[in-house]
Amino acid sequence: MTEWLKTAIFYEIYPQSFRDSNGDGIGDINGMIEKLDYIRDLGCNAIWMNPCYDSPFKDGGYDVRDYRKVAERYGTIEDLRRLFAQVHERGMHILLDLVPGHTSEEHPWFVESCKTERNQYSDRYIWTDCWFQRAEGFPYIAGECDRNGAYILNYFKCQPALNYGFLNPKEHWQKPLDHPACLETRAAMRDVMCYWMEQGCDGFRVDMADSLVKNDDETKSGTCQVWSDIIGQVQEQYPEIALVSEWNNPASAIGKAGFQMDFFLDWFGNGYNLLMRDYDENGRDDSFFKKDSRRSINDFLQEYLPKYDAVKKKGLYCLITGNHDMVRAAYNLEEQELKLAYAFLFTMPGAPFLYYGDEIGMRYQKLPCKEGGYTRTGSRTPMQWDDSVNHGFSEADPSCLYLPTDDRADAPTVAAQKERKDSLYHMVRELFRFRKEHSAFARHDNLEILSAEEGRRSFAYRRDDLVMVCNPSDHVERIDVNVTGMKVVFGIGAARWDQNGCVPEAQSFLIFQTVTEE
Ligand code: GLC
Ligand code: CA
């Protein structure tokens, strides 16, 4: 595995909402450069930036019109190269977002593909043979252009699916993976990756990485085959490339496709969502980290452990505080609950990913849809730096902002949290510093669950010489974990312990370390 990934701590930046350097109301690359010291001082040493390419922005930039062009609103290719250089100067790394499964309907490849005369791009996308032939089982569009056929979508209507082929083609119009047109699509995506590596980025977060091959089987063996070919080729030139997949199936993504990292994603009601987002419209909230929840950590572990175990020697199954697609954790969790949740996420194996603003508990805002965000829009609002105009995000007139800032009087800001010693910000910073000082966190195959009992809220786990004990509940609990002869080296709250176990107080998280005799 690429060496720096073992100790990587990622910060995800939504470029439109981080820092606007030229007062036009929208975040940009130079704004990111201004804030690199902030990210480093927080303790993050790597960045994932959401798409920054030329786009009609019908899906926040996940509808790419030109893979090699920086969107004007974010700056120029020179700005981006300067960002890469400034990141590296600080000993940090940066991943761009690669969108390989689809393009914008305005991408020149697709414009060509729509033409009636056959050309190089006719089979770059997936078309049926005839205008009235439906692409059975897929979302498809017919009647948009003169070409005699219907085409398949990968996500929104604006995002036609690129053609990587079908695992077991059944119709005449379905091509096998090794069809020359499908191989050309692969080669084109490989070239895009090499282009950006050449400009100086360190790798990619790969959007909908599991979506390439159609009619794929359960383990996505077709898509794995395509990726291992693409990644293998790119690695010949860039052996150090870092790749994280949006997949949530590490056995395939890391085990077969060739990614080094995969995310545990927020699928409705799954183990990850149960941690911080298990609520409904009627006010029911049984998220594990709510202090009055009744859950045990087993609901999470049951899903996490088999996936983790499958790849723990090979790559990183990564936990995230949130991302641009989900409601912010602070929507339903209070500060102390967030502290415990993050302490857990940041001491588990894998590279942690912190979504911008989550370090200060930025809140979710109910907002009308912007650029295809729908309910996701409320998690994409401008970063709140301080109490100046627009919370220090932009000097523009507030009515011209990309999205409104949180204008409630108690909106959290970086400046205010820096002032308050017991803030979420300081806790995150201290924990990241702690993480860097302990080699147990640089190994990722060392998770050992010590106590996770059904019907009990507290739990404990070990990584080498460190034992983590967490009590997310509103009451004192005794758990069966032996920490005698150990000392507390990091603590939120306190605990008592003796030969019979450990008694963490309500809402606490403690890290014990074995005391080694000189
Ligand atoms: C991924 C992105 C999301 C986007 C979708 C389509 O899930 O994270 O924001 O809308 O893919 O590209
Ligand atoms: Ca700007």
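Residues numbered from 1 in each chain as written. Chains lettered and ligands numbered in written order. Predicted model: local features only at pLDDT ≥ 70, side-chain atom pairs only at ≥ 80, totals over all residues. Heavy atoms only, no water.

> How would you explain the overall build of the protein chain if you had to name every residue and give the values?
Along its length, the protein chain carries 12 helices and 19 strands. The C-alpha radius of gyration of the protein chain comes to 24 Å, within 12% of the 24 Å expected for a compact globule of 518 residues. Along the first, second and third principal axes, the C-alpha set of the protein chain runs to 80 × 50 × 50 Å. Long-range pairs, those at least 24 residues apart, make up 66% of the contacts in the protein chain between residues at least 6 apart in sequence. Surface accessibility of the protein chain: about 19900 Å² in total, with carbon and sulfur atoms responsible for 47%. For the protein chain, the separation between the mean place of its 59 positive charges and that of its 83 negative charges on side chains is 1 Å. (Helix = DSSP H or I, 4+ residues; strand = E, 2+ residues; numbered from the N terminus. Rg over C-alpha atoms; globule rule 2.2 N^0.38 Å. Contact = heavy atoms within 4.5 Å. Areas by Shrake-Rupley, 256 points an atom, 1.4 Å probe, with all protein chains shown as cover. Lys, Arg positive; Asp, Glu negative; His and termini not counted. Charge placed at Lys NZ, Arg CZ, Asp CG, Glu CD.)

> I'd love a proper account of the packing of aromatic side chains, names of residues and values included.
Applying the stated criterion to the full structure yields 48 aromatic pairs. Note on Phe138 and Phe166: the rings are 5.7 Å apart at their centroids and 85° apart in plane angle, and the pair reads as edge-to-face. One end of the pair, Phe138, is in the loop between α4 (108–113) and β6 (140–141); the other, Phe166, is in the loop between β7 (151–152) and α5 (180–199), and 28 residues separate them in sequence. Across the pair, Phe166 and Phe138 agree in class, each one buried. Both rings, one in Tyr155 and one in Phe156, keep their centres 4.8 Å apart while their planes meet at 40°; by these two values the pair is tilted. Lying across the ring of Trp109, Arg124 places its NZ or CZ 4.6 Å from the centre. (Phe/Tyr/Trp six-rings, centres within 6.5 Å; stacked < 30°, edge-to-face > 60°. Buried < 20%, exposed > 50% of the residue type's maximum accessible area, 1.4 Å probe, protein only. Lys NZ or Arg CZ within 6 Å of the ring centre and 35° of its normal.)

> Break down the coordination of the calcium ion (ligand 2) for me, citing the residues and quoting the values.
In this structure, Asp20 (OD), Asn22 (OD1), Asp24 (OD), Ile26 (O) and Asp28 (OD) serve as the protein donors to the calcium ion (ligand 2), at separations of 2.2 to 2.4 Å. Read in sequence order, the donor residues for the calcium ion (ligand 2) give the motif D-x1-N-x1-D-x1-I-x1-D. Given the relative accessible area of 9%, Ile26 is considered buried. (Donors = N, O, S within 2.8 Å, 3.2 Å for Na, K, Ca; no water.)

> Could you give me a rundown of the packing of helix α10 (residues 335–347) against helix α12 (residues 424–437), with the residues and numbers involved?
For the pair α10 and α12, interaxial distance at closest approach is 10 Å and the crossing angle is 15°. One way to sum up the angle between α10 and α12 is to call them roughly parallel. Seen along the crossing, α10 lies across α12 with a hand that is right-handed. Here α10 contributes Glu335, Leu338, Lys339, Tyr342, Ala343, Phe346 and Thr347 to the contact with α12, which in turn contributes Leu424, Met427, Val428, Leu431, Phe432 and Arg435. Considering only residue class, the contact of α10 with α12 consists of 9 nonpolar, 1 polar and 3 charged. (Axes fitted to C-alpha atoms, helices over the stretch in contact; angles between N-to-C directions. Parallel < 35°, antiparallel > 145°, perpendicular 65-115°, else oblique. Left-handed = near helix turned anticlockwise from the far one by under 90°. Nonpolar A, V, L, I, M, F, W, Y, C, P; charged D, E, K, R; others polar.)

> Run through the pairing of strand β8 (residues 203–206), naming residues and quoting values.
On a regular strand, one side chain projects to one face of the sheet and the next to the other, so that they alternate. Along β8, one buried face is formed by Gly203 and Arg205 and the opposite face, lined by Phe204 and Val206, is buried too. Examined bridge by bridge, strand β5 (residues 93–98) and β8 share 4 bridges and lie parallel to one another. Looking at the pairing, Leu95 lines up with Gly203 of β8. Of the strand pairs in this sheet, β8 and strand β9 (residues 242–245) are connected by 4 bridges, and their pairing is parallel. For Arg205, the partnering residue across the bridge sits in β9 and is Val244. In terms of handedness, the path from β8 via helix α6 (residues 221–237) over to β9 forms a crossover that is right-handed. (Pairing = 2+ DSSP bridges. Right-handed = clockwise from strand over helix to strand, strands pointing away.)

> Report on the sheet that holds strand β1 (residues 10–13), specifying residues and quantitative values.
Strands in a sheet are paired, the pairing made by backbone hydrogen bonds, and the direction either parallel or antiparallel. Ordered by their spatial adjacency, 8 strands build an open sheet running β11-β10-β9-β8-β5-β2-β1-β12, and the pairing between neighbours is parallel. This sheet does not close on itself; its edge strands, each paired only once, are β11 (316–318) and β12 (353–355). Each neighbouring strand pair of the sheet contributes to a mean axis angle of 25°, computed without reference to strand direction. As defined by bridge partners, β1 adjoins strand β2 (residues 46–49) across 4 bridges and the pair is classed as parallel. In the strand pairing of β2, Tyr11 is matched with Ile47.

> Would you mind going over the site of ligand 1 in detail, with residue names and values included?
The environment of ligand 1 is made up of 13 residues, and the closest members are Asp59, Asp207, Glu246, His324 and Asp325. Measuring from an oxygen atom of ligand 1, one finds a side-chain N or O atom of His102 at 3.0 Å. Contacts to ligand 1 include Asp325, whose side-chain N or O atom sits 2.5 Å from an oxygen atom. Notes on ligand 1: free accessible area 310 Å², of which the protein chains cover 97%. Here the residues of the shell around ligand 1 sort into 3 nonpolar, 3 polar and 7 charged. (Near = heavy atom within 4 Å. Polar contact = N/O pair within 3.5 Å; in protein donor to acceptor, adjacent residues only side chain to side chain.)

> Quick rundown of the sheet that holds strand β16 (residues 486–492)? Include the residues and the values.
Strand order in this open sheet of 5 strands is β13-β14-β15-β19-β16, and the pairing throughout is antiparallel. Edge positions in the sheet fall to β13 (447–451) and β16, since each has one partner strand and no second. Strand-to-strand twist of the sheet, defined as the mean angle between neighbouring strand axes without regard to direction, takes the value 25°. Taken together, the 5 bridges between strand β14 (residues 459–463) and strand β15 (residues 466–471) define a ladder with antiparallel strand orientation. The residue bridging Phe459 from the neighbouring strand is Cys470, located in β15. Against the sheet, α12 touches β14, β15, β16 and β19 (508–514), its axis set at about 145° to β16.

> Account for α12, naming residues and giving values.
The periodicity of an α-helix, 3.6 residues per turn, causes residues three or four positions apart to be oriented the same way. With 14 residues, α12 ought to run about 20 Å at 1.5 Å a step, and its terminal C-alpha atoms sit 20 Å apart, in line with that. Within α12, the full set of buried residues consists of Leu424, Tyr425, His426, Met427, Val428, Leu431, Phe432, Phe434 and Arg435. (Expected span 1.5 Å × (residues − 1).)

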